[in-house]
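Here is what each chain is made of, one letter per residue.
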Amino acid sequence: LFRFVSIFLLSLLSLFTLELLEPVQRIFIVPFTGLLAEASATLISPFDDAVMFSGKILRDARTGFAVSIESGCNGVEASIVLFAAVLAFPAPWRYRLGAVLFGVLTIQLLNLGRIISLYYLGQWNLDVFSWVHLYLWPALIMLDVLVVFMVYLSYLSNRPVEEPLDA
Amino acid sequence: VNTQPSHLRFAGTVLLLLVPSFVLWMALGPWIAGPVVALCNLVLPAWMPELVAAVQLSESGALVLTHYGELDGKLVAAHRAGYQLGFPVDVRQLSYSIPFYAALHFSTRQESSFEKFSWGLLALYLLVFIGVICVSLKNLMVGLGGLFSNQAALLVPDGNVVAILFQLNTLIIPPLAPVLLWVWQSRDSAMLRHLSVLKSGS
């Protein structure tokens, strides 16, 4: 357990600090956040032709309402937490890779739900938008990370015994 | 044994418990923030006596009052400006860890549940207090600029450290701390024992 906690915290802090560096923000985080805005607009557009995006901003052409996807809203921090947990737990590397890919996918799918829900909540009621944005969604995203990690541990415990965990 | 349905049941129970937990947390807003604000009012003015005059409860948040005000676009002493510059801190942005933890905790059957819950609350309270301090440091750094970094008082963290502490305490700790606490306190629960791999990995 000590080994798990040590590796987890070290990886978490290292990756989180790395994420905040300006070159990482410029080369990876900002373009990735722009992709999220584009993906959200693509998902919304069949049902709502007023939606448009520019960079990391999602805008309603009719009302002028816009949401900007900032740090903490792009799912990167949640992905880092999952990555650190998977990295810290001893398992064959292909299982770890699978867990990270599957986990990041579920986090980002849920995150698209978060962005789209906030886009409409904000147009309806700004107080509700702030409440759901600041307090509820972060908890839901972390719950997603927890469930994915538990499913991963279940998978590891039920897998055919072919390799030791300390791979 | 396929344990995935139990994980989904667990997630569903947590989602259900989130509703009353958040309702109660919202209703208790000022009572939850009060002790944290009182503690900050002891620490911040003592740590930075040249900058911070007091920390007050403002609805369910904190208001960090400084010894400065603004006059003609410049920072001057509060008595010259005629008012004190204050920086609000949304305590709820840090304390939502409490209803999240409550939902996780009460979705799991375990021994000495209320005793564990009390210890968990205490730990989260400490983290909320640290979070308010870190957010206040960031606000003071951004709002007061050179006055913050050049003060002759006690240790003042470097700007980059303040930035990282701020991000860590707003983005990572509030949602993650309840999960870590829950895992630690529930490690002997039937649900986590079911993940037999945990035993082999620990």
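Keep in mind the model is a prediction, meaning the values are calculated, not measured. (Residues numbered from 1 in each chain as written. Chains lettered and ligands numbered in written order. Predicted model: local features only at pLDDT ≥ 70, side-chain atom pairs only at ≥ 80, totals over all residues. Heavy atoms only, no water.)

Peer 1: What is the right way to read the pattern of salt bridges from this model?
Peer 2: One side chain can pair with another of opposite charge once the charged atoms of both are near each other. Residue and element names in this part refer to chain A. Following the criterion strictly, the structure yields 4 salt bridges over all chains and no others. We note a salt bridge from Glu22 to Arg26, for which the minimum N-O separation is 3.2 Å. Of this pair, Glu22 and Arg26 both sit in helix α2 (residues 22-44), separated by 4 residues, roughly a single helical turn. On the basis of relative accessibility, which here comes to 49%, the residue Arg26 falls in the partly exposed class. Across the salt bridge formed by Asp48 and Arg62, the nearest N and O atoms sit 3.3 Å from each other. Of the two residues, Asp48 is situated in the loop between α2 and β1 (51-54) and Arg62 in the loop between β2 (57-60) and β3 (66-68); the sequence distance between them amounts to 14 residues. Take Asp48: its relative accessible area is 7%, and that puts it in the buried class. Salt bridges here are not isolated pairs; linked through shared partners, they connect Asp48, Asp49 and Arg62. (Salt bridge = Lys/Arg side-chain N within 4 Å of Asp/Glu carboxyl O. Helix = DSSP H or I, 4+ residues; strand = E, 2+ residues; numbered from the N terminus. Buried < 20%, exposed > 50% of the residue type's maximum accessible area, 1.4 Å probe, protein only.)

Peer 1: Help me understand the interface of chain B and chain A in this model?
Peer 2: Interface size is often expressed as the accessible area that is lost when the parts come together. Opposite the 40 residues of chain B that make contact, chain A presents 31 residues. Taking both sides of the interface into account, the surface hidden between chain B and chain A amounts to around 3100 Å²; carbon and sulfur atoms contribute 83%. There are 0 salt bridges connecting chain B and chain A. When residues of the side of chain B that touches chain A are assigned to their parent elements, the largest contribution, 12 residues, is made by helix α8 (residues 159-185) of chain B. In the side of chain B that touches chain A, the residues fall into 28 nonpolar, 10 polar and 2 charged. (Contact = heavy atoms within 4.5 Å. Buried area = accessible area lost by both parts, 1.4 Å probe. Nonpolar A, V, L, I, M, F, W, Y, C, P; charged D, E, K, R; others polar.)

Peer 1: Could you clarify how one ought to interpret the packing of helix α1 (residues 2-20) of chain A against α8 of chain B in this entry?
Peer 2: At a minimum axis distance of 11 Å, the contact between α1 of chain A and α8 of chain B shows a crossing angle of 145°. Here α1 of chain A and α8 of chain B pass one another in a crossing that is right-handed. In contact with Phe8, Leu12, Leu13, Phe16, Thr17 and Leu20 of chain A of α1 of chain A, α8 of chain B contributes Ile164, Gln167, Leu168, Leu171, Ile172, Leu176 and Leu180 of chain B. (Axes fitted to C-alpha atoms, helices over the stretch in contact; angles between N-to-C directions. Left-handed = near helix turned anticlockwise from the far one by under 90°.)

Peer 1: Which parts of the structure should I look at to understand empty space enclosed by the protein?
Peer 2: The rolling of a water-molecule-sized probe over the atoms marks out the regions of remaining empty space. All names here are of chain B. Within this structure, the stated rule accounts for 1 cavity of 30 Å³ or more. Taken together, Leu94, Ser97, Leu124, Leu127, Val128, Gly131, Asn169, Ile173, Pro174 and Ala177 make up the lining of the largest cavity. Where the lining of the largest cavity is concerned, the elements lending two or more residues are α6 (113-144) and α8. Taken together, the residues of the lining of the largest cavity sort by class into 7 nonpolar, 3 polar and no charged. (1 Å grid on protein atoms, 1.4 Å probe; cavity = no way out; pocket = protein on both sides within 12 Å on 5 of 7 lines; lining within 4 Å. Points joined across faces, edges and corners; volume = space filled by probe spheres on them.)

Peer 1: I'm lost on the layout of surface pockets in this one. Help?
Peer 2: Taken as a whole, the second largest pocket holds about 640 Å³ of empty space. Along the walls of the second largest pocket sit 35 residues, with Ser71, Gly72, Cys73 and His133 of chain A together with Leu171 of chain B positioned nearest its centre. Secondary structure elements with two or more residues in the lining of the second largest pocket: β3, α3 (76-88), α4 (93-124) and α5 (126-158) of chain A together with β5 (86-89), α4 (92-95), α6 and α8 of chain B. Along the lines of polarity and charge, the residues of the lining of the second largest pocket split into 21 nonpolar, 9 polar and 5 charged.

Peer 1: For this particular structure, what's the right way to read the sheet that holds β5 of chain B?
Peer 2: The pairing of strands in a sheet comes from backbone hydrogen bonds and takes either a parallel or an antiparallel form. All names here are of chain B. The strand order β1-β2-β5 describes an open sheet built from 3 strands, whose pairing is antiparallel. With partners counted over all chains shown, the strands left at the sheet margins are β1 (52-58) and β5, one partner each. On average, adjacent strands in this sheet sit at an angle of 20° to one another, irrespective of strand direction. The pairing of β1 with strand β2 (residues 61-66) spans 6 bridges and is classified as antiparallel. Bridge pairing in β2 places Ser58 opposite Gly61. Along the sheet face, helix α2 (residues 29-47) touches β1 and β2 and points at about 180° away from the line of β1. Running at roughly 145° to β5, α6 makes contact with β1, β2 and β5 of the sheet. (Pairing = 2+ DSSP bridges.)

Peer 1: Where do I start with the packing of helix α5 (residues 97-106) of chain B against α8 of chain B in this structure?
Peer 2: Each pair of packed helices can be summarised by the angle the axes make with each other and by the distance between the axes. All names here are of chain B. Where α5 contacts α8, the axes come no closer than 9 Å and their chain directions differ by 30°. In terms of their interaxial angle, α5 and α8 are classed as roughly parallel. Crossing of α5 against α8: the hand is right-handed. Facing α5, whose interface residues are Ser97, Phe100, Tyr101, Leu104 and His105, α8 presents Pro174, Pro175, Pro178, Val179, Leu181, Trp182 and Gln185. (Parallel < 35°, antiparallel > 145°, perpendicular 65-115°, else oblique.)

Peer 1: Got a minute to help me understand the nonpolar core in this structure?
Peer 2: Nonpolar side chains tend toward joint burial in soluble globular proteins. Within the largest apolar cluster, 80 residues are counted, with the highest numbers of intra-cluster contacts made by Tyr152 of chain A together with Phe10 and Leu104 of chain B. At 19 residues, the largest contribution of residues to this core is made by α5 of chain A. Not counting residues within four places of it along the chain, the set of residues in contact with Phe10 of chain B comprises Leu143, Leu146 and Met150 of chain A together with Leu104, Ser107, Thr108, Trp182 and Met191 of chain B. In terms of nonpolar packing, the next biggest core, distinct from the first, is built from 28 residues, Val52, Val132, Leu140 and Phe166 of chain B among them. (Core = buried A, V, L, I, M, F, W, Y, C linked by side-chain atoms within 4.5 Å.)

Peer 1: Would you take a moment to explain the sheet that holds β3 of chain A for this structure?
Peer 2: All names here are of chain A. Spatial ordering of the open sheet is given by β1-β2-β3, a layout of 3 strands whose pairing is antiparallel. At either margin of the open sheet sits one strand with a lone partner, and together these are β1 and β3. Taken pair by pair, the neighbouring strands of this sheet meet at an average axis angle of 20°, ignoring direction. Here β1 runs beside β2; their pairing, made up of 4 bridges, is antiparallel. Following the sheet pairing, Val51 is matched in β2 by Asp60.

Peer 1: What's the story with the packing of aromatic side chains in this structure? I'm lost.
Peer 2: What characterises a pair of aromatic rings is the spacing of the ring centres plus the angle enclosed by the ring planes. All names here are of chain A. A full pass over the atoms with the stated rule returns 17 aromatic pairs over all chains. In textbook terms, an aromatic cluster arises when at least three aromatic residues are bridged by ring pairs, as seen for Phe4, Phe8, Phe89, Phe149 and Tyr152. Just above the ring of Tyr95 sits the side chain of Arg94; from NZ or CZ to the centre is 5.0 Å. Across from the ring centre of Trp93, 4.1 Å away, lies the NZ or CZ of Arg96, which sits over that ring. (Phe/Tyr/Trp six-rings, centres within 6.5 Å; stacked < 30°, edge-to-face > 60°. Lys NZ or Arg CZ within 6 Å of the ring centre and 35° of its normal.)

Structural measurements only, silent on function.
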